[in-house]
Every structure is written in structure tokens, then in C-alpha cells.
Amino acid sequence: MRMTTEEAFVKTLQMHGIKNAFGIIGSAMMPISDLFPAAGIKFWDCAHECNAGMMADGYTRTTGKMSMMIAQNGPGITNFVTPVKTAYWNHTPLLLVTPQAANKTIGQGGFQEVEQMAMFKDSVCYQEEVRDATRICEVLNRVIEKALHCSAPAQINIPRDFWTQVVEFPLPTGVKLERSAGGRASTKKAAELLSQAKFPVILNGAGVILANAVETSVKLAERLAAPVCCNYQHNDAFPGDHPLHVGPLGYNGSKAAMEMISKADVVLALGTRLNPFSTLPCYGIEYWPKDAKLIQVDINGDRIGLTKPVDVGIQGDAGSSTEELLEQLSAEAGSIGRAEREKLVKEKKTAWAQELESMDHELDDEGTTWNQRARAATPERMSPRQAWRAIMRVMPKDAIMSSDIGNNCAIGNAYPSFQSPRKYLSPGLFGPCGYGFPSILGAKVGNPSVPVVGFAGDGAFGISINEITACGRGDWPPVTMIVFRNFQWGAEKRNTTLWYDDNFVGTELNKGGFFKNNKVHQTLRSVFQTSSSLLGMTYLFGRAIETLLFERFRRRQEEMSTMSDASCHIGPKF
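Going by what an unreviewed UniProt entry lists, the chain is known as sulfoacetaldehyde acetyltransferase and is assigned to Durusdinium trenchii. Word for word, the UniProt comment on the chain under Sequence similarities (unreviewed entry) is "Belongs to the TPP enzyme family."

What follows concerns the sheet that holds strand β3 (residues 42-45). Taken in spatial order, the six strands line up as β3-β2-β4-β5-β7-β6 in an open sheet, and their pairing is parallel. At either margin of the open sheet sits one strand with a lone partner, and together these are β3 and β6 (126-129). Neighbour-to-neighbour, the strand axes of this sheet turn through a mean angle of 20 degrees, independent of strand direction. Pairing geometry for strand β5 (residues 95-100) and strand β7 (residues 154-159), over six bridges, is parallel. Residue Leu95 lies in a different strand from β7, and its bridge partner there is Ala154.

Another point: helix α8 (residues 136-150). With 15 residues, α8 ought to run about 21 Å at 1.5 Å a step, and its terminal C-alpha atoms sit 21 Å apart, in line with that. Considering only its buried residues, α8 is in contact with α1 (5-15), β5, β6 and β7.

Moving on, we get to the packing of aromatic side chains. With the rule as written, the count across this model stands at 14 aromatic pairs. Between Phe22 and Tyr59, the ring centres sit 6.1 Å apart and the planes meet at 55 degrees, which makes this aromatic pair tilted. Remark: Tyr59 occurs in helix α4 (residues 49-63) and Phe22 occurs in strand β2 (residues 20-23); sequence separation between them is 37 residues. Take Phe22: its relative accessible area is 0%, and that puts it in the buried class. When the ring of Trp388 is compared with that of Tyr415, the centres are 6.3 Å apart and the planes differ by 10 degrees; the resulting orientation is stacked. Taken together, the residues span a long stretch of sequence, with Trp388 in helix α16 (residues 384-394) and Tyr415 in the loop between α17 (407-410) and β16 (424-425) at a distance of 27 residues. Overall, the relative accessible area of 13% leaves Tyr415 in the buried class. Joined through ring pairs, the aromatic side chains of Trp388, Tyr415, Phe455 and Phe484 make up one cluster. Of note, Arg341 hangs over the ring of Phe199, and the distance from its end group to the ring centre comes to 5.9 Å.

Scanning the model with the defined rule gives 20 salt bridges in all. Note that Lys42 and Asp475 form a salt bridge whose closest N and O atoms lie 3.1 Å from each other. Of this pair, Lys42 sits in strand β3 while Asp475 sits in the loop between α20 (468-471) and β18 (479-485), and the two are 433 residues apart along the sequence. Relative accessible area serves as the criterion here: at 29%, Lys42 is assigned to the partly exposed category. Between Glu380 and Arg381 there is a salt bridge whose closest N-O contact spans 4.0 Å.

With that settled, the discussion passes to empty space enclosed by the protein. Enumeration according to the criterion identifies one cavity of 30 Å³ or more in this entry. Taken as a whole, the largest cavity spans an internal volume of roughly 140 Å³. Lining the largest cavity are Arg61, Thr62, Asn90, Ala206, Ile209, Leu210, His234, Asp236, Arg422, Lys423, Tyr424 and Leu425. By residue number, the principal contributor to the lining of the largest cavity is helix α10 (residues 206-210), which donates three residues. Counted by class, the lining of the largest cavity contains five nonpolar, three polar and four charged residues.

Cut-offs used in this document
- Residues numbered from 1 in each chain as written.
- Predicted model: local features only at pLDDT ≥ 70, side-chain atom pairs only at ≥ 80, totals over all residues.
- Heavy atoms only, no water.
- UniProt positions renumbered as here; feature names shortened; annotations may be inferred.
- Pairing = 2+ DSSP bridges.
- Helix = DSSP H or I, 4+ residues; strand = E, 2+ residues; numbered from the N terminus.
- Axes fitted to C-alpha atoms, helices over the stretch in contact; angles between N-to-C directions.
- Expected span 1.5 Å × (residues − 1).
- Contact = heavy atoms within 4.5 Å.
- Phe/Tyr/Trp six-rings, centres within 6.5 Å; stacked < 30°, edge-to-face > 60°.
- Buried < 20%, exposed > 50% of the residue type's maximum accessible area, 1.4 Å probe, protein only.
- Lys NZ or Arg CZ within 6 Å of the ring centre and 35° of its normal.
- Salt bridge = Lys/Arg side-chain N within 4 Å of Asp/Glu carboxyl O.
- 1 Å grid on protein atoms, 1.4 Å probe; cavity = no way out; pocket = protein on both sides within 12 Å on 5 of 7 lines; lining within 4 Å.
- Points joined across faces, edges and corners; volume = space filled by probe spheres on them.
- Nonpolar A, V, L, I, M, F, W, Y, C, P; charged D, E, K, R; others polar.

Printed below as a string of C-alpha cells:
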């Protein structure tokens, strides 16, 4: 079939169902962006490429549909480094399109030239540069398939002088690979361990969500009467209303989950790489069971046994592996101590729910008094835990939530649970600040009829706040963004208190009374309303946040403008 290179490129995108692209327009991509409207591909013109990448991550994680990030070669593409690495550790299949300096001048240090392949070498699962204009379809198809198969970003690098050429193209047909359930011997051994277990515990990770295997994992949990923990930052990996759900592990997670897994004699780590941060001690509890048998299921064999000694490793899809395990369990599986285990799960969940409801403040680390002093200095402000409780009381059950890096968001790890997957966006273990706002924008693009709520501290929100100028334009959908305003980089302030004797350097945000300056406040509100068509910022104290959010969620945002921001005045806690 004879057509232009850009036509061939766009037809390949259409073949794979890619309908949304996030980035900033540039001359190097205009030959294909010119075709987007006619091809049914929406280009979301963001304020910064870093935020565009986070939006693509939020869109794809909440919809399960691949999206694309694209920008101008050179400085536009360099801004994608952080979100691409973020998506890599979030296991998000994304298409990274990097137009390159022209072949005629590459290597001469020309305008906006940089080594774009080397830049993403460790941040994508696959990358390929187009070497000849006639191979654009072939290469693009392969890059997309690699992203899907590996569940990670993949990069196509295209010299910009390959556009506008008229060439004969064979359009690719694509190859859909079936994911394996794992080896027979390893699956049989795992089934035997689970069948004989006296206290089996399941740990669900991102792989369960990616494999659409939540319902299958429910069947396995019920068959074994096994309590199910969610891996850190994957609170939506198991239904929160299920009797066997015990909550997330990791930093500020669920004590019920920690106590349950500490008793395990067999742990099934399902679709998780068991990264070290996810199983760190918390609340003074060393909860990882040292003598338990560990079964790890991961689609990537390189990650099995990487962080913890494994008794049985299954390289396979979390869903297919779970189905195979269900078939191979013995008739007596889960019968040993079933009633006692179910009773204990209920008791521990009830006790933790009561304790969590009573936790108003963070305890100071040993030898420090900062939180105590902060409460005394600003007693009228909410604590992060008080804010989280108020917010969760009125959160719609079907809402999609995003979180950010920082202690105020991390404290929230124990609070949200979800009835279905693809509802919780977190920065992941690459840990970029400024993820909460752009990722929830991407989620709303993909789920326009679902309420979405983003969370960030004032420091993290400041990193992506320029996206306000984008989301106020045109047909961008409405979101709700909650900013925890405690006037500091809280995590680093805590580190300063712990190790540097309160010698705070670079930790203060607007120290000296930003909100006492009414002129600054009114100017900011005016900018939000006139430049970005926003409702402006509402500063809330005490239970006012609960009242306002309830009203906004009740209205389901139909009458709202593009973004509403509820900024909680909270004390300078960590």
C-alpha cells in the first residue's frame, strides 16, 4: 500500500487502538499530529512534558488502554525521563515516541540534538530507532507489542527527516502472545505447599491488577480461607469489602495485614516483585515471617527471588497461574484451622479499624518532640490523620484516587480501600514528586463519568501546578484536587529533626504567613479563575473539608468548572 510515512504511522496507531496522546506540540511531530483529528486521536496539549508523561501513566493504569507520549526532539524529550522511569516501575505499557534530529545533521551538535536512545536505555523495556523510512510500520508495531507483552514503556526513535516521504508499506498484522501460567513442576509444588498450609496468606501485587485477576484471586483466597494483604501502593489489588481483605503492607499500612502475614507458614506473593520498601517494618512491627515458605509468581523471571529467598518461583501471568493453582489444590486445601483463621482475621480487622479511627496525631520519633511542639503552636489546624478520616467519610465508593510522594500522602496508605481494580494511582517506587495532580488528570480523561480525586502536599503540588494552565483549556474534564497545606517539605523536615538537630535548610514553604497576606491570596484566586477557568482555592479548617467535599461529590461535578482545589490547613506534622 502506497502512502506517506506519517499516514502509515497513524494507521498503525489506529490498528492498536491508541486514541490518546499526551505532550507538547513541536515541529518534529507535526506531520503526524496534523493527521490526529481525522484519525480519531486526541492530542492533550499539556503545560510540561513531565506532567504529560504522568497523565499518560494515569490514563493507561486506570483504563487498561495504551496511550502515547510525544514531544519535540531534544529538550521536549528530555522532560519525559522522570515519567517514563515512573511508568517503568509502575509496570505501565506506554508508547514513547521520540522524534529525533534529522539524519542529515545528526552528530554535528545541531539544534535540539541529544542522544535520545541512550537517555531512556534503563527506563524502557524495549527501544528501537527507525533506520529506513520503509520500516516505520514494522518498527512501530514491534515497539507497541513489546510494551504490551512486557507491561512497560517502549520507545520508538524517528529521525524527523523520515516524515513526508511517500513509500510502499505493508501494514503489519500484529502478534498476540498468550501469557503462560508457569511451569508444571513449579505450579504443582506450589499447590502442594498451599494445600498443606496451616496458615496461608496471599499478598496481591500490581500483577494481579494487570492480569485482570482480582476475581480469580478472590476464588483462591476463599478456597484457602487465606487472608489477603495488598502490596504497598496497590490498595486496589483486592476488594476492600471482602471478609478476607486485611489491607496494605508497608509504610503506614494496615496493622491487621502485618499481624496476619507474620503468622503465615506459607506466603503466596501473587504478581509482585517484592520490592524491599514494600515489606519494611512499620509501627515497630517486624512482620515479615522468617520461617514461612514463600511462593513468588511474577511474569518477569529476573525478579523472582531477587529480594527474598523463594521456595517456589513461578514465572507466569498472575491470572493464569492462579487458575492453575486452583485446579491443582487438594480437596482438603484450606481446611486446617479454617474457622480459627477466619475468626482471627475478623478480630484483627475490627481492632485495627478501631485503632485507626482513634489515631488523631503522629507520634514523635524517639528522642524528638517536633510533632508535639507543632500541635501546641497551631492547635486550630487539622492533623493529616484527621483530614484523611474526614475525606474518606465522604469519598464516593466508585472514585479513582491518586496520591503523591510525601508524608501527608503516605499517612493515607492505611485509609482507602476499593471494591474494584484500577482505582488507585500512586507514584510507585521511583517516587517522583508532583505525580498526584497530572496522573488524576489522565485518569479523568480515560474515565470521564467517574469521580476522581487527587492528593498532594503543598510541596509536591507546586511541582506540577503549572498544569492548571492546561486543564483550564477547551475540553479538559473536571477533577478534584486536595492539597495538604502544611507549609513545608515534611519528609525532609522530619529527616532534619532526626539527624540534623532541627537545622532546617530548604524545608520551609512560604514561611512567615502566606495566608496572612490577603492581597496575595486574592491575586492567586483571580489567576485561577480568569486564566484557567477554575473555581479557585478553598482553605479549610476542621470538619469544613468534610462538608465541602460531600457537596461536591453529591453534585458529581456536573456544574463545576475544570478543577476544584480543597486545600487543607494542617499542622506542620511529618
